[in-house]
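# Report on the structure
Residue-level listing of the chains:
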Amino acid sequence: MIKIAPSILSADFASLGAEVEDIRRGGADYVHFDVMDGRFVPNISIGIPVLKSLRKATDLFIDAHLMIVEPVRYARAFCQAGADLVNCHVEADSAENILAALDQIKSCGKKAGVTLKPGTDAMAVEPYLDLVDLVLIMTVEPGFGGQSFMHDMLPKIETVRELIDKRNPGCELEVDGGIDPVTAPLVKRAGANVLVAGSAVFKAKDRAEAIAAIRNS
Ligand code: DX5
Ligand code: ZN
């Protein structure tokens, strides 16, 4: 089943509750919550207090994408603030500390994911694959919404899909960056089942239509 996860990075933060209600009614499966610390990526976005408020405003599944260094320092806090799934970048710390972060997330009773930047090899998921509920492959350099999809990520999506099918078939495969009705069929064909879309959903007048167009393309 294909799931659509609109990224609130392209939403109007002054009306976040209403924006998320709009995508919930529009058929979104997850809400994708992008956290940036100005160090792991050259931009700063939102964090724990906003997540806490959003948790009170919606029962939609919240997928937190931590673009922060040393996610082990904050993994538990994001779980407690109300994330349903917490994604850590494999590049953000040593393997030992990423494993510790995943362990904390699981012991909070939440789902855990690992994320790969475009320059990171597919095989970097290996040490985590048996533990995670989701792998996220970036199809743009993390940090900003509205960038163009990197077509050269398609073989990596195919490789990770093969690894998941062999080792942990229940694990989801998510893609993030430049997803719209034109690029969605490419990533689905390569094996992705959760599609993040920021500008293609939130910049559209009719979000339900935009979500359906990505799902059904
Ligand atoms: C980028 C973020 C994405 C971003 C996607 O660093 O992780 O989630 O919001 O935006 P679009 O869909 O506009 O590329
Ligand atoms: Zn993201």
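The structure contained in this document is the topic of the report that follows. Just so we're clear, the structure is a prediction, and the values are computed from it rather than from any experiment.

### Looking at the site of ligand 1
In the vicinity of ligand 1 there are 20 residues, among which Ser7, Gly143, Asp176, Gly198 and Ser199 approach most closely. The side chain of His32 places a nitrogen or oxygen atom 3.4 Å from an oxygen atom of ligand 1. Contact between ligand 1 and Gly198: an oxygen atom at 2.7 Å from a main-chain N or O atom of the residue. For ligand 1, whose free accessible area comes to 380 Å², the fraction covered by protein is 99%. Counting residues per element, the ones that place at least two in the shell around ligand 1 are strand 2 (30-36), strand 3 (61-67) and strand 8 (194-197). Across the shell around ligand 1, the residue classes tally to 8 nonpolar, 10 polar and 2 charged.

### Some thoughts on the packing of aromatic side chains
Taken as a whole and assessed by the stated rule, the structure comprises 1 aromatic pair. Between Tyr30 and Phe61, the aromatic rings sit 4.2 Å apart at their centres with planes inclined by 25°, giving stacked as the arrangement. Of the two residues, Tyr30 is situated in strand 2 and Phe61 in strand 3; the sequence distance between them amounts to 31 residues.

### Describing the pattern of salt bridges
Tallied over the full model, the rule gives 12 salt bridges. The closest approach of N and O atoms between Asp22 and Arg207, which form a salt bridge, is 2.7 Å. Taken together, the positions of Asp22 in helix 1 (residues 16-25) and Arg207 in helix 8 (residues 207-216) put the pair 185 residues apart, joining distant regions of the chain. Given a relative accessible area of 32%, Asp22 falls into the partly exposed group. Arg55 is the salt-bridge partner of Asp84, the closest N and O atoms lying 2.8 Å from each other. Taken together, the residues Asp84 in the loop between helix 3 (75-81) and strand 4 (85-89) and Arg55 in helix 2 (residues 48-57) connect sequence positions 29 residues apart. Accessibility expressed as a relative area gives 23% for Arg55, which makes it partly exposed. Each of Glu19, Asp22 and Arg207 takes part in salt bridges that share partners, so that together they form one network.

### Section: the environment of Arg161
Mapped onto the elements of the fold, Arg161 is located in helix 5 (residues 154-167). Residue classification places Arg161 among the buried positions, given a relative accessible area of 17%. If sequence neighbours within four positions are ignored, Arg161 has contacts with Leu173, Ala190, Gly191 and Asn193.

### Some words on the side chain of Lys3
By the secondary structure assignment, Lys3 is in strand 1 (residues 3-6). Lys3 sits in the buried class, given a relative accessible area of 19%. Here the side chain of Lys3 touches Tyr30 through a polar contact of 3.1 Å, side chain to side chain. Once residues lying within four places of it in the same chain are set aside, the contact partners of Lys3 are Asp29, Tyr30, Glu172, Asn193, Val194, Leu195 and Arg215.

Definitions and limits used
- Residues numbered from 1 in each chain as written.
- Chains lettered and ligands numbered in written order.
- Predicted model: local features only at pLDDT ≥ 70, side-chain atom pairs only at ≥ 80, totals over all residues.
- Heavy atoms only, no water.
- Near = heavy atom within 4 Å.
- Polar contact = N/O pair within 3.5 Å; in protein donor to acceptor, adjacent residues only side chain to side chain.
- Areas by Shrake-Rupley, 256 points an atom, 1.4 Å probe, with all protein chains shown as cover.
- Helix = DSSP H or I, 4+ residues; strand = E, 2+ residues; numbered from the N terminus.
- Nonpolar A, V, L, I, M, F, W, Y, C, P; charged D, E, K, R; others polar.
- Phe/Tyr/Trp six-rings, centres within 6.5 Å; stacked < 30°, edge-to-face > 60°.
- Salt bridge = Lys/Arg side-chain N within 4 Å of Asp/Glu carboxyl O.
- Buried < 20%, exposed > 50% of the residue type's maximum accessible area, 1.4 Å probe, protein only.
- Contact = heavy atoms within 4.5 Å.

By themselves, these figures tell us nothing about what the structure is for.
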